[in-house]
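Notes for the structure review
As a plain string of letters, each chain reads:
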Amino acid sequence: MIDPRHFRDVLGTYPTGVCVITAVDAAGKRHGLVVGSFSSISLDPPLVGFFPDKKSSSWPLIADCGRFCVNVLGAEQLELCKRFAAKAEDKFADLAHGLTPAGMPLLDQALAWLDCTIERITDIGDHLLVVGAVEALGKRDEGTPLLFFRGGYHDLACLAG
Ligand SMILES: Cc1cc2nc3c(=O)[nH]c(=O)nc-3n(C[C@H](O)[C@H](O)[C@H](O)COP(=O)(O)O)c2cc1C
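Residues numbered from 1 in each chain as written. Predicted model: local features only at pLDDT ≥ 70, side-chain atom pairs only at ≥ 80, totals over all residues. Heavy atoms only, no water.

With that out of the way, let us pick up the nonpolar core. In terms of nonpolar packing, the biggest core is built from 24 residues, with Ile21, Phe50, Trp59, Ile62 and Phe68 touching the most fellow members. Listing elements by their share of this core, those giving two or more residues are β2 (19-24), β3 (30-35), β5 (47-50), α2 (58-65), β6 (67-72), β9 (112-124) and β10 (127-139). Isoleucine 62 has contacts with Ile21, Ala23, His31, Gly32, Leu33, Arg67, Phe68 and Ile118, leaving out every residue within four places of it along the chain. Grouped together as the second largest cluster of nonpolar side chains are 10 residues, Val20, Leu80, Phe84 and Leu146 included. (Core = buried A, V, L, I, M, F, W, Y, C linked by side-chain atoms within 4.5 Å. Buried < 20%, exposed > 50% of the residue type's maximum accessible area, 1.4 Å probe, protein only. Helix = DSSP H or I, 4+ residues; strand = E, 2+ residues; numbered from the N terminus. Contact = heavy atoms within 4.5 Å.)

So this is what it looks like as structure tokens:
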């Protein structure tokens with residue numbers, strides 16, 4: 001039997017970036033979810049993925065949209081990360097942001113964005129694997145990523161030090 005705390009501690013030594021998955025539903029309501037499990041999957045065809053917890057209240061609402069935008073967070077976006085990682089009725093309250101070509105929320109200062117349609121959802125343990133087909137994508141040429149490692153937030157300068 002694997003102790004859950006030990007599992008988290010061991011897996012926490014694998015550093016990840018942090019993304020906010022955003023979407024707008026048919027009624028115009030915006031949804032957002034922080035994930036550290038984002039990954040590139042395939043170049044041809046271009047596919048990316050992430051693992052939402054089955055207990056996430058935001059994921060089913062994003063799934064209903066049929067598409068999503070991956071916003072890769074920069075080191076200065078820690079407050080934004082905390083906002084989208086907390087449960088809230090409207091995570092976008094009083095938040096100015098742009099729109100991607102597909103009309104999904106594009107967070108100001110995001111290092112990169114990817115407009116995706118949902119290609120596949122697979123049931124895996126207590127999470128889902130969501131695969132997105134990339135339709136459009138872009139990046140900023142400056143900025144450093146927000147990193148998550150051993151249960152805390154870091155930036156590249158901190159890890160180098
Ligand atoms: C750094 C970080 C990484 C996270 N990675 C994931 C993830 O990969 N999948 C997931 O379902 N939740 C992840 N979470 C937790 C969700 O962001 C959080 O439980 C969720 O936003 C709760 O709100 P919801 O009920 O509106 O979905 C992560 C949180 C943080 C702070």
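Picking up where we left off.
With that settled, consider the site of the ligand. In the vicinity of the ligand lie 17 residues, with Ser37, Asp53, Ser57, Ser58 and Lys87 positioned nearest. Within the backbone of phenylalanine 51, an N or O atom sits 2.8 Å from a nitrogen atom of the ligand. At 3.1 Å from an oxygen atom of the ligand is found a main-chain nitrogen or oxygen belonging to phenylalanine 84. Calculation on the ligand without its partners gives an accessible area of 630 Å², and the protein chains cover 81% of this total. (Near = heavy atom within 4 Å. Polar contact = N/O pair within 3.5 Å; in protein donor to acceptor, adjacent residues only side chain to side chain. Areas by Shrake-Rupley, 256 points an atom, 1.4 Å probe, with all protein chains shown as cover.)

Here we have seven strands laid out as an open sheet, ordered β3-β2-β6-β9-β10-β5-β4, and antiparallel in their pairing. In the strand order of this sheet, the two ends are held by β3 and β4 (39-42), each with one partner. Pairwise comparison of adjacent strand axes, ignoring direction, gives a mean angle of 35° for this sheet. As defined by bridge partners, β2 adjoins β6 across four bridges and the pair is classed as antiparallel. In the strand pairing of β6, valine 20 is matched with asparagine 71. (Pairing = 2+ DSSP bridges. Axes fitted to C-alpha atoms, helices over the stretch in contact; angles between N-to-C directions.)

In this section: the packing of aromatic side chains. By the definition in use, this model includes four aromatic pairs. On the numbers, 4.9 Å between centres and 75° between planes, the contact of phenylalanine 84 with phenylalanine 92 is edge-to-face. You'll find phenylalanine 84 and phenylalanine 92 in the same group, each marked buried. Among the aromatic residues, those joined into a cluster by ring pairs are Phe50, Trp59 and Phe68. (Phe/Tyr/Trp six-rings, centres within 6.5 Å; stacked < 30°, edge-to-face > 60°.)

This brings us to a nonpolar patch on the surface. Together, Ile2, Phe7, Val10 and Leu11 give the surface a local cluster of nonpolar side chains, amounting to about 400 Å² of exposed area. Take leucine 11: it is sitting in helix α1 (residues 4-11). (Patch = residues over 30% accessible without salt bridge, like charges linked within 9 Å, V, L, I, M, F, W, Y side chains within 5 Å. Salt bridge = Lys/Arg side-chain N within 4 Å of Asp/Glu carboxyl O.)

A probe as big as a water molecule, rolled over the atoms, marks out the empty space that is left. Of the pockets and cavities examined, the largest pocket occupies roughly 1,800 Å³. Along the walls of the largest pocket sit 46 residues, with Arg8, Gly36, Phe51, Asp53 and His127 positioned nearest its centre. Here the residues of the lining of the largest pocket sort into 21 nonpolar, 12 polar and 13 charged. (1 Å grid on protein atoms, 1.4 Å probe; cavity = no way out; pocket = protein on both sides within 12 Å on 5 of 7 lines; lining within 4 Å. Points joined across faces, edges and corners; volume = space filled by probe spheres on them. Nonpolar A, V, L, I, M, F, W, Y, C, P; charged D, E, K, R; others polar.)

Before going further, it helps to spend a moment on the side chain of glutamine 77. The topology assignment puts glutamine 77 in the loop between β6 and α3 (78-85). At 2.7 Å, the side chain of glutamine 77 forms a polar contact with the backbone nitrogen of glycine 74. Excluding its chain neighbours within four sequence positions, the residues that come into contact with glutamine 77 are Val72, Asp108, Gln109, Ala110 and Leu146.

This part covers the confidence of the model for the protein. Predicted coordinates in areas of low pLDDT are best not read in detail. This prediction gives the protein a mean pLDDT of 97; 98% of its residues lie at or above 70. Considering each helix and strand of the protein separately, the mean pLDDT is smallest for helix α4 (residues 156-160), with a value of 74, and largest for β5, with 99. (pLDDT = per-residue confidence, 0-100.)

Its place among the elements puts alanine 23 in strand β2. Spatially, the C-alpha atom of alanine 23 lies 9.4 Å from that of leucine 106, the residues being 83 residues apart in sequence. The contact partners of alanine 23, leaving out residues within four places of it in the chain, are Lys29, Arg30, His31, Ile62, Cys65, Arg67, Phe68, Met104 and Pro105.

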